[in-house]
Amino acid sequence: MPVVQDSEDQAPSVHPSTPARALLPSIVPAIAVGVLCSLILVGVEVAAEQLQDVLWETVPDALGIGRYSVAWMFVVLIATGIAVGLVVWKVPGHAGPDPATVGLDAPVLPPVALPGLVLVTALMLAGGPSLGPENPLITVNVGLAVWLGSRLIPRAPGRLWPALAEAATIGALFGTPVAAALAISELLARQETRGMLWDNLFAPLTAAAAGSLTVSLLDHPSFDLGLPSFGRTGWSDLLASIVVAAVGAVLGLGAVRAFPYVHAAFRRLRHPMLMLPAGGAVLGALAAVGGHLTLFKGLDEIATLAHDPDGWSAGEFAVMTVVKLAALVVAASCGFRGGRIFPAVFVGTALGLCAHALVSGVHPSVGVSAGVLGVLLAITRQGWLSLFVAAVLVAEPAVISLLCIASLPAWLLVTGRPQMQLRQDGTSVR
């Protein structure tokens, strides 16, 4: 005789799944957005690399001065501030909103603002301020996707296009859709959604896959630093990862704490032609202290550090850590358009190698991955993305368990505290 279940046991799931026929129409738009966003990313980065070669190699060589002499670093960084300031001042759209108020969840800008934002992003990447391309390029791609999508497929939900563009750009930046899936999952957790998690991830993940595959075919990106393998993990590795991640989180919180005050100091200058050149001058002074490795977004520079982890003293690594963190705060405060993830990775890498130089028992791979984890948790508050970036730098499966454990005390340090993003009134977002 069959058992009749109580009506409460037969209640439908609060997250009913979406039928396949509802998901299938999103595949083609997602692929198109993924390819378009990745091509824009590659185009901006290639243009920036060409301009960087001119600014930092061709011109100083022709003038017979040192490529990274103190005088030339000051000249280029101040000139970059002037160039970006002119675009922010004069170009329609003013290159978007105050970058201190923008995170990975980008606003939808009108098309008139997008060319200026593309231009200042390329100038920033080439000129040396310590910011990455992620925030402005996500904003550009979101604006373009919304503008094109609303015209080509007007019946599509408006919220579809920002989600596709954000996922596609993140997938292209990191060369894998995994990063986008993790980042989008955290964004979805803060929103009301219908259906299962993977129903909501289907179209963004398709866009991220298209974006990452396009970049991989064109550029072959790799984040593996080639650090020495540490073999089997031990208790000393676990202790080191917990301590270094916690120190990285505390350092990152220090930068977050200083952020609104530095931002307010530059805002007192009131005009982009004052704020940005002044920021360039401060960045030049920091580069004079930390050296040329503390310039730019930091990916090529961390590869240089990782190639010879014993090539610098603990003091030199400490100076680079502090200088790069200060340069990140200044660049993000004075009006340069850029993201904070990639320079934060440099800060964490230098911190981890500093720990290795201080205590030889701290393996370079453990120190770097834990340092990057702690700093990124404080700067971004993206737990999954921080774990992913820290792990992919080492590309060793055994490090994942260490990082998962180390993330717990580090997260207790950062959760509930201000973030490195400001509201329109200049107060910190929590």
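Residues numbered from 1 in each chain as written. Predicted model: local features only at pLDDT ≥ 70, side-chain atom pairs only at ≥ 80, totals over all residues. Heavy atoms only, no water.

The protein has the name Ion channel protein in an unreviewed UniProt entry, where Streptomyces indiaensis is given as its organism. Here the protein is described in UniProt, under the heading Subcellular location (unreviewed entry), as follows: "Membrane". (UniProt positions renumbered as here; feature names shortened; annotations may be inferred.)

K.L.:
Got a minute to help me understand the overall build of the protein in this structure?
P.N.:
Secondary structure summary: the protein contains 16 helices and zero strands in total. In terms of C-alpha radius of gyration, the protein reaches 22 Å, essentially the compact-globule figure of 22 Å for 430 residues. The buried share of the protein, taken over its 430 residues, is 53%. For the protein, long-range pairs separated by at least 24 residues make up 77% of all intrachain contacts whose partners lie at least 6 apart in sequence. Carbon and sulfur atoms form 66% of the exposed surface of the protein, whose accessible area is close to 18,900 Å². Across the protein, the 21 positively charged side chains and the 25 negatively charged ones have centroids separated by 13 Å. (Helix = DSSP H or I, 4+ residues; strand = E, 2+ residues; numbered from the N terminus. Rg over C-alpha atoms; globule rule 2.2 N^0.38 Å. Buried < 20%, exposed > 50% of the residue type's maximum accessible area, 1.4 Å probe, protein only. Contact = heavy atoms within 4.5 Å. Areas by Shrake-Rupley, 256 points an atom, 1.4 Å probe, with all protein chains shown as cover. Lys, Arg positive; Asp, Glu negative; His and termini not counted. Charge placed at Lys NZ, Arg CZ, Asp CG, Glu CD.)

K.L.:
Would you mind going over the nonpolar core with me for this structure?
P.N.:
Within soluble globular proteins, side chains that are nonpolar generally end up buried alongside one another. Residues Phe174 and Phe336 are the most contacted members of the largest nonpolar core, which totals 131 residues. Excluding its chain neighbours within four sequence positions, the residues that come into contact with Phe174 are Ala179, Phe223, Ile341, Phe342, Leu385, Phe388 and Val389. (Core = buried A, V, L, I, M, F, W, Y, C linked by side-chain atoms within 4.5 Å.)

K.L.:
For this particular structure, what's the right way to read the pattern of salt bridges?
P.N.:
Where charged atoms of side chains with opposite charge meet at close range, the side chains can pair. Evaluation of the coordinates by the stated rule reveals three salt bridges. Residue Lys297 pairs with Glu45 through a salt bridge whose shortest N-O separation is 3.1 Å. Of this pair, Lys297 sits in the loop between helix H10 (272–290) and helix H11 (299–307) while Glu45 sits in helix H2 (residues 27–63), placing them 252 residues apart in sequence. The partner of Arg267 in a salt bridge is Asp98, and the shortest N-O contact between them spans 3.9 Å. Of this pair, Arg267 sits in helix H9 (residues 235–267) while Asp98 is found in the loop between helix H3 (70–90) and helix H4 (114–127), placing the two residues 169 residues apart along the sequence. Taking the relative accessible area as the measure of exposure, Asp98 reaches 17% and is therefore buried. (Salt bridge = Lys/Arg side-chain N within 4 Å of Asp/Glu carboxyl O.)

K.L.:
Got a minute to help me understand the packing of helix H14 (residues 364–380) against helix H15 (residues 383–394) in this structure?
P.N.:
A pair of packed helices is captured by two measures, namely the crossing angle of their axes and the spacing between those axes. Running from N to C, H14 and H15 cross one another at 155°; their axes reach a closest spacing of 8 Å. As judged from the angle between their axes, H14 and H15 are roughly antiparallel. For the element pair H14 and H15, the recorded crossing hand is right-handed. Here Ser365, Ser369, Val372, Leu373, Leu376, Leu377 and Thr380 of H14 come into contact with H15, specifically with Gly383, Ser386, Leu387, Val389, Ala390, Leu393 and Val394. Considered class by class, the residues forming the contact of H14 with H15 number nine nonpolar, five polar and no charged. (Axes fitted to C-alpha atoms, helices over the stretch in contact; angles between N-to-C directions. Parallel < 35°, antiparallel > 145°, perpendicular 65-115°, else oblique. Left-handed = near helix turned anticlockwise from the far one by under 90°. Nonpolar A, V, L, I, M, F, W, Y, C, P; charged D, E, K, R; others polar.)

K.L.:
When you look at the environment of Ser369 in this model, what are you seeing that I'm missing?
P.N.:
Position of Ser369 relative to the elements: it lies in helix H14. For Ser369 and Val28, which are 341 residues apart along the polypeptide, the C-alpha to C-alpha distance reads 37 Å. When residues no more than four places from it in sequence are discounted, the contact partners of Ser369 are Ala390, Val394, Val399 and Leu403. For Ser369, the side chain forms a polar contact with the main-chain oxygen of Val366, separated by 3.2 Å. (Polar contact = N/O pair within 3.5 Å; in protein donor to acceptor, adjacent residues only side chain to side chain.)

K.L.:
Explain the layout of surface pockets to me, please; I cannot follow it from the model alone.
P.N.:
One water molecule sets the probe size; rolling that probe over the atoms shows where empty space is left. What the second largest pocket holds in volume is close to 660 Å³. In terms of lining residues, the second largest pocket is bounded by 28 residues, among which Glu45, Glu49, Lys297, Leu299 and Asp300 are the most central. If you list the elements that add at least two residues to the lining of the second largest pocket, you get H2, helix H6 (160–174), helix H8 (197–219) and H11. The element best represented in the lining of the second largest pocket is H2, accounting for six residues. Of the residues that constitute the lining of the second largest pocket, the class distribution is 16 nonpolar, four polar and eight charged. (1 Å grid on protein atoms, 1.4 Å probe; cavity = no way out; pocket = protein on both sides within 12 Å on 5 of 7 lines; lining within 4 Å. Points joined across faces, edges and corners; volume = space filled by probe spheres on them.)

K.L.:
How do you make sense of H14 when you look at a structure like this?
P.N.:
One turn of the α-helix equals 3.6 residues, which is why residues spaced by three or four share an orientation. Along its 17 residues, H14 runs 23 Å from first to last C-alpha, staying within 8% of the 24 Å computed at 1.5 Å per residue. Taking burial as the measure, the 17 residues of H14 include 17 buried ones, the bulk of the element. Immediately beyond the C-terminal end of H14, within one or two residues, lies Arg381, with a positive phi of roughly 60°. (Expected span 1.5 Å × (residues − 1).)

K.L.:
Looking at this structure, I do not really get unusual backbone geometry. What am I missing?
P.N.:
Residues apart from glycine generally show negative phi values, whereas peptide bonds are mostly found in trans. Not every positive phi belongs to a glycine, and Arg270 is a case in point at roughly 70°. Structurally, the position occupied by Arg270 is in the loop between H9 and H10. Assessed through its relative accessible area of 75%, Arg270 is described here as exposed. In this model, Arg381 sits at a positive phi of 60°, which is unusual for a non-glycine residue.

K.L.:
Can you walk me through a nonpolar patch on the surface in this structure?
P.N.:
The grouping of Ile31, Val35, Leu39, Leu217 and Leu218 at the surface amounts to a nonpolar patch, some 450 Å² of accessible area in total. Tallying contributions element by element places H2 first for the nonpolar patch, with three residues. Among the structural elements, Ile31 can be located in helix H2. (Patch = residues over 30% accessible without salt bridge, like charges linked within 9 Å, V, L, I, M, F, W, Y side chains within 5 Å.)

K.L.:
I tried to follow the packing of H3 against H4 on my own but got confused; where do I start?
P.N.:
Closest axis-to-axis distance for the H3/H4 pair is 10 Å, and the angle between their directions is 175°. Judged by the angle between their axes, H3 and H4 are roughly antiparallel. Contacts between H3 and H4 involve Val76, Leu77, Thr80, Ala83, Val84 and Val87 on the former and, on the latter, Gly116, Leu119, Val120, Leu123, Met124 and Gly127. Of the residues in the contact of H3 with H4, the class split is nine nonpolar, three polar and no charged.

K.L.:
What is the right way to read H9 from this model?
P.N.:
In a regular helix each residue adds 1.5 Å, so 33 residues correspond to 48 Å; H9 covers 48 Å between its end C-alpha atoms and thus fits that length. At Phe259, H9 is bent by approximately 35°, the largest bend along its length, and proline Pro260 sits one to four residues beyond. (Bend = angle between axes of the 7 residues up to and from the residue.)

K.L.:
Can you help me understand the packing of aromatic side chains in this one?
P.N.:
Aromatic ring pairs are defined here through the distance separating the ring centres and the angle between the ring planes. One pass over the full model with this rule turns up five aromatic pairs. Arranged with centres 6.2 Å apart and planes meeting at 85°, the rings of Phe174 and Phe388 form a pair that is edge-to-face. With Phe174 in helix H6 and Phe388 in helix H15, the pair connects residues that are 214 residues apart, well separated along the chain. Its relative accessible area of 8% is what places Phe174 among the buried residues. For Phe388, a relative accessible area of 14% translates into the label buried. (Phe/Tyr/Trp six-rings, centres within 6.5 Å; stacked < 30°, edge-to-face > 60°.)

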